[in-house]
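Okay, here's what each chain looks like letter by letter:
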Amino acid sequence: MADRVIATLEATVLIGRLRTEHGPLLFHQSGGCCEGTAPMCFKQSDFRVGPGDVLLGVIAGVPFYIGRGQFGYCANSQLIIDVTTGGGDSFSIEAADGVRFITRSRLFTEQEARNLAADGPLPSGPETFRPDV
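Residues numbered from 1 in each chain as written. Predicted model: local features only at pLDDT ≥ 70, side-chain atom pairs only at ≥ 80, totals over all residues. Heavy atoms only, no water.

As for the packing of aromatic side chains
Here's step 1: Across all of its chains, the model carries three aromatic pairs by this definition.
Here's step 2: Between phenylalanine 27 and phenylalanine 101, the aromatic rings sit 4.9 Å apart at their centres with planes inclined by 80°, giving edge-to-face as the arrangement. Within this pair, whereas phenylalanine 27 is found in strand β2 (residues 25–29), its partner phenylalanine 101 is found in strand β7 (residues 99–107), the two being separated by 74 residues in sequence. The same class applies to phenylalanine 27 and to phenylalanine 101, which are both buried.
Here's step 3: By way of ring pairs, the aromatic residues Phe27, Phe64 and Phe101 are connected into one cluster. (Phe/Tyr/Trp six-rings, centres within 6.5 Å; stacked < 30°, edge-to-face > 60°. Helix = DSSP H or I, 4+ residues; strand = E, 2+ residues; numbered from the N terminus. Buried < 20%, exposed > 50% of the residue type's maximum accessible area, 1.4 Å probe, protein only.)

Structure, rendered in structure tokens:
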């Protein structure tokens with residue numbers, strides 16, 4: 001079964017360091033203003049997940065939410081979270097280090113798409129993530 005969101009090794013290492021420095025984290029990708037569709041990493045205490053957000057998956061122990069409207073654009077793709085240099089102007093906590101998370105993607109195969117559709121609708125809202133740590 002394919003995951004809807006995964007992280008590269010570089011992203012996983014950065015997420016681990018950020019978790020050590022900042023505690024529990026979450027990702028949110030909205031497609032809104034400021035950073036557009038860039039994945040934003042926040043301390044869990046600094047961001048409130050709303051009823052219009054969908055839990056896409058968990059990467060490196062961190063929940064990854066996406067705005068329901070944005071999900072329609074990527075429902076047929078696996079999101080691959082990676083890291084690049086150049087933090088730019090961002091609210092995401094890694095930007096202070098001169099790096100930023102980016103989203104790459106690949107289309108699901110027909111079989112992967114059928115398997116995901118058979119699993120039913122995605123959960124939504126903050127109550128859907130229960131950290132195992």
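Thoughts on the sheet that holds strand β1 (residues 5–7)
Here's step 1: The strand order across the open sheet built from three strands is β1-β6-β7, with neighbouring strands paired in mixed fashion. One side of each edge strand has no neighbouring strand; the edge strands of this open sheet are β1 and β7. For this sheet, the mean angle separating the axes of adjacent strands, direction not counted, is 30°.
Here's step 2: The sheet contact formed by strand β6 (residues 77–85) and β7 spans nine bridges and is antiparallel. Pairing of isoleucine 81 across the sheet is with threonine 103, part of β7.
Here's step 3: In the packing of helix α1 (residues 9–22) onto the sheet, the strands contacted are β1, β6 and β7, and the crossing angle to β6 comes to about 70°. (Pairing = 2+ DSSP bridges. Axes fitted to C-alpha atoms, helices over the stretch in contact; angles between N-to-C directions. Contact = heavy atoms within 4.5 Å.)

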